[in-house]
Structure formats: C-alpha cells, structure tokens
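The chain contents come next:
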Amino acid sequence: MNSIYFILYSIFVGPPTTGKSQVIKECAISPMESVTAEADSASPVIQKYTSSGMIKPVAHIKRGFLLSAEIYDVLFKLLKSDEENATGDVQALCQLFSGEEASYRYATEKSREVAANTPFFISGATQIPFAARLVALLDQGNGLLDRFLITFPKCLRPAPYQTSQAIESLKESALSSLSSIGDVFVEIARLHLSHSTYTLNQEAKETMNTVNEEFITEVNEAMLEGTTPPKTKKIDIILRVAAALHIFNHVTAELLQRRKPTQPADEIEHSTLLCAIDYVAWTESQKEIFVERRMKIMILPKLALSVMNASLESIARFADAETLQQIVNRVDLYLHDAESSLLDYETRDIVEKRNEIFKAVLEYTKAVVERELSDEKDGHECGR
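Residues numbered from 1 in each chain as written. Predicted model: local features only at pLDDT ≥ 70, side-chain atom pairs only at ≥ 80, totals over all residues. Heavy atoms only, no water.

Peer 1: What should I look at first to understand the pairing of strand β2 (residues 64-68) in this one?
Peer 2: Both faces of the sheet carry side chains from a regular strand, because those side chains alternate between them. β2 sits mainly inside the fold: 4 of its 5 residues count as buried. Two elements, β2 and strand β5 (residues 120-126), share 5 bridges in a ladder whose sense is parallel. Paired with Leu 67 across the strands is Ser 123, a residue of β5. (Buried < 20%, exposed > 50% of the residue type's maximum accessible area, 1.4 Å probe, protein only. Helix = DSSP H or I, 4+ residues; strand = E, 2+ residues; numbered from the N terminus. Pairing = 2+ DSSP bridges.)

Written out as structure tokens, the structure is:
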C-alpha cells in the first residue's frame, strides 16, 4: 500500500442563510490564521484566484489552501480563464490532486516548481443554482469533477431554544476545554512540522484491496459490454479522508482529555477506514444524482425535438402546403438559434428558453392536426 498524502477537494452545497460562510470562516479560515500566527510563518491560504496566484504560494510555501465561502466565484474565474486563454488551470488542478511533480511558467515570472505530493486543499461552499453551473464547468471529460467531494447536507435551522440548549451543552461538555477549533489545527500543524505519511493496518489494507478489486471489476465489465466505464477517484479520496479522520480524531481526543497531543500512529485503524468509505460513498452518490439530473435537463430539448418531428410527420398527411411552410419557418427559427455554440454554464438558461420555443411549436402542431382531423371528420359526415 502506498503512503497516503493530504490532498483533498471538497465543496458543500446549501440554501441561503444556513451558515455556510460561518462554517468556512470558523472551521477553515480562522484555524489557518491561528496556525500561521502560532508558527510565525507565511500563510498558505491562496488570496489571488488567478493561474499565477494559485501556483505561486504552492511552489513557494510547499503547500496551499484554497478556501472560499463562495467557491463558485473562485473556480469559475480559474476555469473561465483556462477556457478563453488556455492558461492550463484545469491541468494544474488535476496535477495537484494527483500529487504530480510539475513546473509552471507565467509571463514575466520565473518558472515555478511544485514538488511531488505537495499538500493542497480546496474547501468551499455554494448555493444549489451555482452548484449546477459549477458541475457543468467541471464536467468536461477531463476528470476534474471526479476529484471533488460534493455534499448536500440537510441544512435544518435550529429553533432559538435549540440553539440555547446546544450552547449550554457545549459549556458543560469536555469541549469547553477548547477555546476554539483552531486549537486542534495548531496541534496538528505542530505534530507535522516535518514530512509525515500514513499507511493502513493489515485489516484495513485487506478491506481496501477488496474495494479496489470491486471497482476494477466494474471497469472491466463496462469495457467488455461496450458501455461507459465508471469514472471516479474514490480510491484515492477514501485513503485521504481516512488519513484526515485518523489525525483529527487522535488530536481532538487528546485535547479533550486535557493532554498534550502526541504523534498519531503511523497506521490507520480499520474502523477509521470504514468511516471514510461510508462518507465517500455518500458523497459520490449525491454527486451522481446531481449530475444525472443535470443530464436530463440537457437532453430535454432532444426529446422535445423528437416529439416535434413525429408530430410534423403525422400532420404532413393532412396539412396543406401553406400550413406546412409556416411550420417549417418556425422550426427554422429554432435551428438558427441552435447554431450558436453553448457554454455549459449557460445551459440551464438556454434550455428554459428553448423549451418555450418547443412548447409553442408543439402547441401549434397540435392545433393544426386537430383542425385537419376536424375538417376530415366533418367531410365524412357530410358525405353520409
């Protein structure tokens, strides 16, 4: 089993006013500020969301954290720049996730060297409409979407009395010994000042081998059947989530016992791996459902067009030349509109617009058919 490194891309999605910004601030940005202040070191948090701005701190500080309460804006800027100017941001994000050694050079700057397995982390939040656009941007066949954990937690708002009860419970629990979540991250950073890697214990290795074999079987069966093989990076992600849980649980447990945390064991327990497998399976299933819904929205125009074609063939036997020409003219309007190239993040808006056109054409087609059928029926009755 290869060593496990700390590289994760994670996004969680929720409706407005559910505390997404507070979560990112209190559980990511503030702890990183505490770590930086404690170590008196340069902050690894990426501040400039450009190609150079992302790579420069990663190459200089040897690690990088891209944190945002609105991750859509950040990734959209990077991916849009890559699409329009071929800046290589997609390739860079894929390489960073895979832990590849790479060299980057930007105009007027010296070459930036990123070592293999450099710690790099993306964590952010967004709302559902932006998540749909973001998934469309990420799902371009380059595997970038497969590298992201995307979760849709139940963002239930607590009643005021529930908030008060939670605060009182926290004050009375062992958690009161922690001044903030930043204490945990400060200790984690202290314990990992030098390069650290983790592996699985024997039982966990056997379980992971089984998971890997099942995935390989799915891929091989799909290839033999001529279907699309499953695309996922879940094997890498499971290992990285397991390592993160292993360290976080150990350090937190020590602090709650009011002890100075020691270095976590080099081997990850089987129970921790099972938790990681369950979590990744949950996030992967949510992402798959979300992608499937998006694909259904995108193919809706094709289905509507198929129905329209069938309707037109039916009325051709009844309608006169002038009526058919009117229908053809209306279809031409759609075809002219369809010639313009679409960017994926515009798909939903464009689809809604085109569905209106389809509806109008189909309603018109139906009216023509009903009129012709009515005329034919009247003709039969007159002939009796």
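Peer 1: Just checking my understanding: could you explain helix α9 (residues 234-256) for this structure?
Peer 2: For an α-helix, 3.6 residues make a turn, and residues three or four places apart therefore share a direction. A rise of 1.5 Å per residue sets the reference length of α9, with its 23 residues, at 33 Å; its end C-alpha atoms lie 32 Å apart and thus fit the reference within 8%. Arg 258 lies just past α9 and shows a positive phi near 60°. (Expected span 1.5 Å × (residues − 1).)

Peer 1: I'm lost on a negative patch on the surface in this one. Help?
Peer 2: On the surface, Glu 203, Glu 206, Asp 266, Glu 267 and Glu 269 cluster together into a patch of negative charge. Note on placement: Glu 267 falls in strand β8 (residues 267-268). (Patch = residues over 30% accessible without salt bridge, like charges linked within 9 Å, V, L, I, M, F, W, Y side chains within 5 Å. Areas by Shrake-Rupley, 256 points an atom, 1.4 Å probe, with all protein chains shown as cover. Salt bridge = Lys/Arg side-chain N within 4 Å of Asp/Glu carboxyl O. Lys, Arg positive; Asp, Glu negative; His and termini not counted. Charge placed at Lys NZ, Arg CZ, Asp CG, Glu CD.)

Peer 1: What am I meant to see in the nonpolar core here?
Peer 2: Note that soluble globular proteins tend to have their nonpolar side chains buried in a common cluster. Among the nonpolar cores identified, the biggest contains 67 residues, and Tyr 9, Met 54, Phe 120 and Phe 148 are the most heavily contacted of them. Every residue in contact with Met 54, bar those within four places of it in the chain, is listed here: Ile 46, Lys 48, Leu 66, Leu 78, Asp 89, Ala 92, Leu 93 and Phe 120. (Core = buried A, V, L, I, M, F, W, Y, C linked by side-chain atoms within 4.5 Å. Contact = heavy atoms within 4.5 Å.)

Peer 1: Sorry, what's going on with the pairing of strand β1 (residues 7-13) here?
Peer 2: Among the 7 residues in β1, 7 count as buried, and that is most of the element. Burial along β1 is two-sided: Ile 7, Tyr 9, Ile 11 and Val 13 facing one way and Leu 8, Ser 10 and Phe 12 facing the other are all buried. Summarising the sheet, β1 and β5 pair through 7 bridges and their orientation is parallel. Residue pairing for β5: Ile 11 is matched across the bridge by Gly 124. One ladder, built from 4 bridges, connects β1 with strand β6 (residues 148-151); its direction is parallel. Counted as the bridge partner of Ile 11 is Ile 150 from β6.

Peer 1: What is the right way to read the environment of Arg 133 from this model?
Peer 2: Structurally, the position occupied by Arg 133 is in helix α5 (residues 128-138). Taking the C-alpha atoms as reference, Arg 133 lies 9.0 Å from Phe 76; in sequence the two are 57 residues apart.

Peer 1: I keep staring at the packing of helix α7 (residues 182-191) against α9 and nothing clicks. Help me out?
Peer 2: When two helices pack together, their arrangement is captured by the angle between the axes and the distance separating the axes. Two elements in contact, α7 and α9, have axes separated by 10 Å at closest approach and are oriented at 115°. Classified by the interaxial angle, the pair formed by α7 and α9 is roughly perpendicular. Relative to α9, the crossing made by α7 is right-handed. When α7 is examined against α9, the residues Asp 183, Val 184, Phe 185, Glu 187, Ile 188 and Leu 191 are found in contact with a partner set consisting of Ile 247, Phe 248, Val 251, Thr 252 and Leu 255. (Axes fitted to C-alpha atoms, helices over the stretch in contact; angles between N-to-C directions. Parallel < 35°, antiparallel > 145°, perpendicular 65-115°, else oblique. Left-handed = near helix turned anticlockwise from the far one by under 90°.)

Peer 1: In this structure, what is going on with the packing of aromatic side chains? I would like to understand it.
Peer 2: Both the distance between ring centres and the angle between the ring planes are used here to describe each pair of aromatic rings. Applying the stated criterion across every chain yields a total of 9 aromatic pairs. Judged by centre distance (5.3 Å) and plane angle (65°), the rings of Tyr 9 and Phe 97 are edge-to-face. Linking Tyr 9 in strand β1 with Phe 97 in helix α4 (residues 89-98), this pair joins segments that are 88 residues apart in sequence. In terms of burial, Tyr 9 and Phe 97 fall into one category: buried. Aromatic side chains Tyr 72 and Phe 76 sit 5.6 Å apart centroid to centroid with 25° between the ring planes, which places their arrangement in the stacked category. Here Phe 76 and Tyr 72 lie together in helix α3 (residues 71-85), a separation of 4 residues that amounts to about one turn. A relative accessible area of 8% places Tyr 72 in the buried class. The structure contains a cluster of three or more aromatic residues connected by ring pairs, namely Tyr 9, Phe 97, Phe 120 and Phe 148. Between Arg 240 and the ring centre of Phe 97, over which it is positioned, the NZ or CZ distance is 4.4 Å. (Phe/Tyr/Trp six-rings, centres within 6.5 Å; stacked < 30°, edge-to-face > 60°. Lys NZ or Arg CZ within 6 Å of the ring centre and 35° of its normal.)

Peer 1: What am I meant to see in the side chain of Thr 272 here?
Peer 2: Along the chain, Thr 272 falls in helix α10 (residues 270-315). Looking at Thr 272, the relative accessible area reads 13%, which means it is buried. Ignoring anything within four residues of it in the chain, the contact list for Thr 272 reads Ala 242, Leu 245 and His 246.

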